[in-house]
Amino acid sequence: MANLKEIRNRISSVSSTMQITSAMKMVSAAKLKKAQDAITAMRPYAEKLTELLQNVSATLDGDAGGEFTAQREVKKVLIVAITSNRGLAGAFNTNVIKQAKELADSYAGKQVDIFAIGKKGNDVLRKTNTVVESNTEVFDDLSFENVAQIAEVLTEKFTSGEYDKIELVYNQFKNAATQIVQVEQFLPLAPIQSDVPASTGDYIFEPSKEEIVLTLIPKSLKTQLYKAIRDSFASEHGARMTAMHKATDNATELRNQLKLTYNKARQAAITNEILEIVGGAEALKG
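Everything in this summary refers to the structure shown in the same document.

## So, the overall build of the protein chain
- Across its full length, the protein chain holds five helices and five strands.
- If you list the helices and strands of the protein chain from N to C, you get α-β-α-β-α-β-α-β-β-α.
- The C-alpha radius of gyration computed for the protein chain amounts to 29 Å, which surpasses the reference 19 Å derived for 286 residues by more than 25%, pointing to a less compact arrangement than a globule.
- With the C-alpha coordinates aligned to their principal axes, the bounding extent of the protein chain is approximately 115 × 45 × 35 Å.

## Quick notes on the nonpolar core
- Counting residues in each nonpolar core, the largest one holds 40 residues, and the members touching the most others are Ile82, Ile117, Leu154, Ile166, Phe186 and Leu225.
- Of all the secondary-structure elements, those providing two or more residues to this core are α1 (4-57), β1 (76-82), β2 (111-117), α4 (144-159), β4 (165-175), β5 (178-187) and α5 (209-285).
- The leading source of residues in this core is α5, at eleven residues.
- Contact partners of Ile166, with chain neighbours within four places excluded, come to Leu78, Val80, Leu154, Phe158, Glu184, Gln185, Phe186 and Leu187.
- Counting 15 residues, the second largest nonpolar core, distinct from the first, contains Ala81, Tyr107, Ala116 and Leu125.

## Re the packing of aromatic side chains
- In this structure the tally under the stated criterion is two aromatic pairs.
- For the pair Phe139 and Phe233, a centre-to-centre distance of 6.1 Å together with 15° between the ring planes defines the contact as stacked. In this pair, Phe139 sits in the loop between β3 (130-135) and α4 while Phe233 sits in helix α5, placing the two residues 94 residues apart along the sequence.
- Ring geometry for Phe144 against Tyr226: centres 5.5 Å apart, planes inclined by 90°, an arrangement best described as edge-to-face. Separated by 82 residues along the polypeptide, Phe144 in helix α4 and Tyr226 in helix α5 bring together distant segments of the chain.
- What makes Tyr226 buried here is its relative accessible area of 13%.

Rules of the game
- Residues numbered from 1 in each chain as written.
- Predicted model: local features only at pLDDT ≥ 70, side-chain atom pairs only at ≥ 80, totals over all residues.
- Heavy atoms only, no water.
- Helix = DSSP H or I, 4+ residues; strand = E, 2+ residues; numbered from the N terminus.
- Rg over C-alpha atoms; globule rule 2.2 N^0.38 Å.
- Core = buried A, V, L, I, M, F, W, Y, C linked by side-chain atoms within 4.5 Å.
- Buried < 20%, exposed > 50% of the residue type's maximum accessible area, 1.4 Å probe, protein only.
- Contact = heavy atoms within 4.5 Å.
- Phe/Tyr/Trp six-rings, centres within 6.5 Å; stacked < 30°, edge-to-face > 60°.

Written as structure tokens, this is what we have:
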């Protein structure tokens with residue numbers, strides 16, 4: 001059995017760790033509320049914009065989307081892996097990194113590059129894959145304008161022919177305890193799949209439908225990327241809050257076990273001292 005000093009040191013160490021994890025849990029809980037409100041407020045707009053774009057596009061010819069819908073033979077693929085800049089968030093980053101690697105492996109025989117958004121994904125993926133570009137500053141000031149710049153870079157990479165396909169891999173926020181890894185095709189725009197015939201009889205278009213679609217597509221792409229990063233941002237804080245909550249519970253349980261061990265060891269030491277005193281007294285009598 002460890003001596004009393006060692007047990008006291010372990011109790012002190014575990015208590016310090018518990019204070020840190022508890023503080024991190026509260027910080028993430030506060031940030032999660034703001035991030036959750038942001039993604040919840042944005043989703044209806046993003047969904048309505050996509051619905052409007054699909055409704056108008058469905059009444060046009062297949063090539064109405066111009067360079068954004070160009071279906072080329074897939075030889076070069078760019079995977080945008082969205083992780084975080086910080087760890088201690090459970091399997092949050094690991095799940096995205098794993099999915100990105102599996103997606104890259106599925107394009108066997110083709111050139112697959114990674115665009116890493118977030119430091120954790122960049123640090124891990126560059127060891128096994130080709131990371132052509134990374135961005136870790138976007139989370140310092142997460143705004144639509146900053147994300148729009150990244151979307152423009154990605155769009156340019158596709159329209160210039162540098163890549164034939166671009167896909168997003170990120171965590172979608174469901175609740176504080178659940179994040180769902182998503183793989184979304186960013187470019188080219190996927191064909192509209194709907195059993196309901198499109199109708200534009202209630203709309204008057206000015207300018208033409210073609211011009212409206214070509215104006216909406218860049219806006220829709222920026223919104224899609226912004227929603228993905230916002231989802232990932234909220235998921236990060238949810239995952240970290242959950243992880244720190246579990247870590248705090250585990251530390252509390254370990255501290256209680258150590259206190260019990262300490263009390264048993266102390267009681268055994270006291271008992272031994274009493275037995276030694278009694279033994280000594282009996283020896284003197286003899």
